[in-house]
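Residue-level structure breakdown
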Amino acid sequence: MMQQKLVILGGGESGVGAAILGKKQGYRVFLSDRGSLSEKFRVRLIDNGIDFEEGQHSESEIMNADLVVKSPGIPKEAPIIQKLNEKHISVISEIEFASRFTDSKIIAVTGSNGKTTTTSLIHYILSVAGMNVGLGGNIGRSFADLVAEGGFDCYVLEISSFQLDDIVSFKPYIAILLNITPDHLDRYDYKLELYAKAKFRITENQSHEDYFVYDFDDENIAELIKEIDTTAKKVAYSMNTNLDDGAYADDEKMMINYPDKFEIPISEISLRGKHNIYNSMAAATTANILKIRKDVIRRSMSDFTAVEHRLEFVLKVGGVEFINDSKATNVNAAYYALESMKNPTVWIVGGTDKGNDYSEVFDLVQKKVKAIVCLGIDNSKILSAFDGMVENIVETKSMEEAVRSAYFFSEKGDTVLLSPCCASFDLFKNYEDRGRQFKEEVKKL
C-alpha cells in the first residue's frame, strides 16, 4: 500500500508535534511554514528526518496531500485553505489528528478566561493522586507531541476555539467550558454567537458515557446550552444557585455535590479572587468525577501555586506592589484582575486590540484606578474610552517606559497592575515575553 502523504501547515509547537506523530504513524510527512521556523523546531524536524520548507507554501507539494493538519493560527479564509477545500482534501486541527492515535482519557478545558489556571490545577491534582498525566494543548507541549511520546494514563488539555474549529471526531471524556466572553471576534465575523458555537464544539462528539462540566452562571453558556444538543452528562457549578447534581460555592465554603458530596473551606483554597473560585470548582468537580480521593483534592487545592503571567505577584518596591497579569489578553480577563485589586491601582494596558469593548470595566476603573499607562503602538481606542475617567493617562512605547511611568504615578500602598486587555504582538513576541520584560523592568527600579 502506498504511504499516505500528510502535509502540516505551520511549524510552531502544534505543527512540529503533528509532524513527529505523523512520521511515527507511518505517514510521508511534509511541513510547510510561510514564515521562518525557530531554531529549536528546525532541529527537531531534521533530527526526525522530516521534510520541510519555510518562507513559502509550495502548492505543488501541498495539493497532493491525503490529509492536511493546519496550525490554529491560519484562518479558514486563507487562500491555501480555500484551494484545499475546493479539492476536497481533508483539513483538520492537530488536536483532532492526535486524538485518532490514543485511547487514553482526554480532559479538555476551553473558555475565554481561566483555561491555563484550570488546566494546570486539574493536572496538579491528578499528578498528586499518582496518575501519569500529560499536560498540553494550548499550554506547554502540543497534544500530538505527547501522544507521540505515549505512556500517559490521561491527557489534560487546554483547548482554544481555533483548535476546535477543525475537529471531526475529537471526543473528550470530560469537556469543561469555563465561560464565554467576547474574544477573537475578528476571526468570527465579529459575532459573539459564532465564537460561542466554536467553544461548544468541545462537546459535540461526546456520548452519554462522557461529562460536560460548565459554568451555570455564565449568561452566554446558559443561552446556548438550551439549543446545543449534547448527550454527555451535564454537570454545572455556580456561586448563585445551590446545585444538587453539580457544585456550589459561597463566601465560606465550596460544596462539590456530584457524583458524591464533599466540602472545602474557601479559606483553604490557595487561588484568590472570585474568578478563581469558579476555576477551582471546575477542577474539583472534574477530579471528583475521576474518583480522586477527597483528601488529595483538598490538599492539592491548598498547595497549588498560581500560573506565571496570571495575577502573579512580582515585587514590592517602595511600598508599591507590582502584579504581572500579562496573560489577560481580553477585556473580561482584565475585569477579573481589576475586580481582585484591594489597593489604589495604576493600570498598564494596551497592545493589539481584538475588537475590544472597554465599557465592561468602566465601573471598576472609576472605583479602583488612579492612573492609566498605555503600552502599545496605537493607543487611540484606550485613550478615547477612558478620557476624563482618571486623573492621569499617558502613552508609552516600551516596557521600560511603562514601568517607570507607573512607578512615578504610584505611592506607598498602591498596586501597579499589568493587565493589558490586548494581544501582545505589536511590541512583544507573545504574552510571556511581555510578562518577563515587565518583571525585568520592575527589578531594575
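To be clear, the structure that these remarks concern was listed above.
Source: prediction; values computed, not measured.

Let us look at the overall build of the chain. Looking only at helices and strands, the chain features 17 helices and 20 strands. Relative to its length of 445 residues, the chain is compact, with a C-alpha radius of gyration of 22 Å against a globular reference of 22 Å. By principal-axis analysis of the C-alpha atoms, the chain measures approximately 70 × 50 × 40 Å. Taking all 445 residues of the chain together, the buried fraction comes to 57%. Taking the intrachain contacts of the chain between residues at least 6 apart in sequence as the baseline, contacts between residues at least 24 apart amount to 65%. Counting only carbon and sulfur atoms, one obtains 47% of the accessible surface of the chain, whose full area is about 18,800 Å². Across the chain, the 52 positively charged side chains and the 67 negatively charged ones have centroids separated by 3 Å.

Within the structure shown, the criterion is met by 23 salt bridges. Lys-253 is paired through a salt bridge with Asp-250; the nearest N and O atoms lie 4.0 Å apart. Residue classification places Lys-253 among the partly exposed positions, given a relative accessible area of 28%. The closest approach of N and O atoms between Lys-370 and Asp-414, which form a salt bridge, is 2.6 Å.

Turning to the sheet that holds strand S1 (residues 5–9), a few remarks are in order. In spatial order, the strands read S3-S2-S1-S4-S5; together these five strands make up an open sheet with parallel pairing. Two strands close off the open sheet at either side, each with one partner strand: strand S3 (51–54) and strand S5 (90–93). Averaged over all adjacent pairs, the angle separating strand axes in this sheet is 20°, with direction ignored. The pairing of strand S4 (residues 67–70) with S5 spans four bridges and is classified as parallel. Bridged to Leu-67 within S5 is Ser-90. Sheet strands touched by helix H1 (residues 13–24): S1, strand S2 (28–33) and S4. Its angle to S2, the strand with the most contacts, is close to 170°.

Right, let's talk about the side chain of Asp-145 for a bit. By secondary structure assignment, the location of Asp-145 is in helix H7 (residues 143–149). Within the structure, Asp-145 has its side chain in polar contact with the side chain of Arg-141 (distance 3.4 Å). Discounting residues that sit within four places of it in the chain, Asp-145 has contacts with Glu-13, Gly-17 and Arg-44.

Quick look at the packing of aromatic side chains now. Taken as a whole and assessed by the stated rule, the structure comprises 17 aromatic pairs. Every member of this aromatic cluster is reached through a ring pair, and the members are Trp-347, Tyr-358, Phe-362 and Phe-386. Sitting over the face of the ring of Tyr-173, Lys-105 holds its NZ or CZ atom 4.7 Å from the ring centroid.

Note that the residue after Tyr-258, namely Pro-259, is joined by a cis bond; omega there is -5°. When you line up the elements, Pro-259 lands in the loop between strand S13 (253–256) and strand S14 (262–265). Positioned with a positive phi, His-88 is a non-glycine residue whose angle comes to about 60°. Here His-88 shows up in the loop between helix H4 (79–86) and S5. His-88 gets classed as exposed once you look at its relative accessible area, which sits at 72%. Residue Cys-421 is not a glycine yet carries a positive backbone phi of 70°. In this structure, Cys-421 sits in the loop between strand S20 (415–418) and helix H17 (431–444).

Below, the discussion takes up the sheet that holds strand S16 (residues 320–324). The mixed open sheet is built from six strands, whose spatial order is S15-S16-S20-S17-S18-S19. Each edge of the sheet is formed by a strand with only one pairing partner; in this case those strands are strand S15 (312–317) and strand S19 (392–396). This sheet shows a mean twist of 20° between the axes of neighbouring strands, independent of strand direction. By the bridge criterion, five bridges tie strand S18 (residues 369–375) to S19 in an arrangement that is parallel.

This part takes up the side chain of Ser-99. Among the secondary structure elements, Ser-99 is positioned in helix H5 (residues 94–99). Residue classification places Ser-99 among the buried residues on the basis of a relative accessible area of 14%.

Moving on, we come to the state of the cysteines. Tallying each qualifying case throughout the model produces zero disulfides. Distance from the sulfur of Cys-421, which forms no disulfide, to the nearest cysteine sulfur (Cys-422) is 5.7 Å. Overall, Cys-422 belongs to the buried group, its relative accessible area being 1%.

Cut-offs applied
Residues numbered from 1 in each chain as written. Predicted model: local features only at pLDDT ≥ 70, side-chain atom pairs only at ≥ 80, totals over all residues. Heavy atoms only, no water. Helix = DSSP H or I, 4+ residues; strand = E, 2+ residues; numbered from the N terminus. Rg over C-alpha atoms; globule rule 2.2 N^0.38 Å. Buried < 20%, exposed > 50% of the residue type's maximum accessible area, 1.4 Å probe, protein only. Contact = heavy atoms within 4.5 Å. Areas by Shrake-Rupley, 256 points an atom, 1.4 Å probe, with all protein chains shown as cover. Lys, Arg positive; Asp, Glu negative; His and termini not counted. Charge placed at Lys NZ, Arg CZ, Asp CG, Glu CD. Salt bridge = Lys/Arg side-chain N within 4 Å of Asp/Glu carboxyl O. Pairing = 2+ DSSP bridges. Axes fitted to C-alpha atoms, helices over the stretch in contact; angles between N-to-C directions. Polar contact = N/O pair within 3.5 Å; in protein donor to acceptor, adjacent residues only side chain to side chain. Phe/Tyr/Trp six-rings, centres within 6.5 Å; stacked < 30°, edge-to-face > 60°. Lys NZ or Arg CZ within 6 Å of the ring centre and 35° of its normal. Disulfide = S-S within 2.5 Å.

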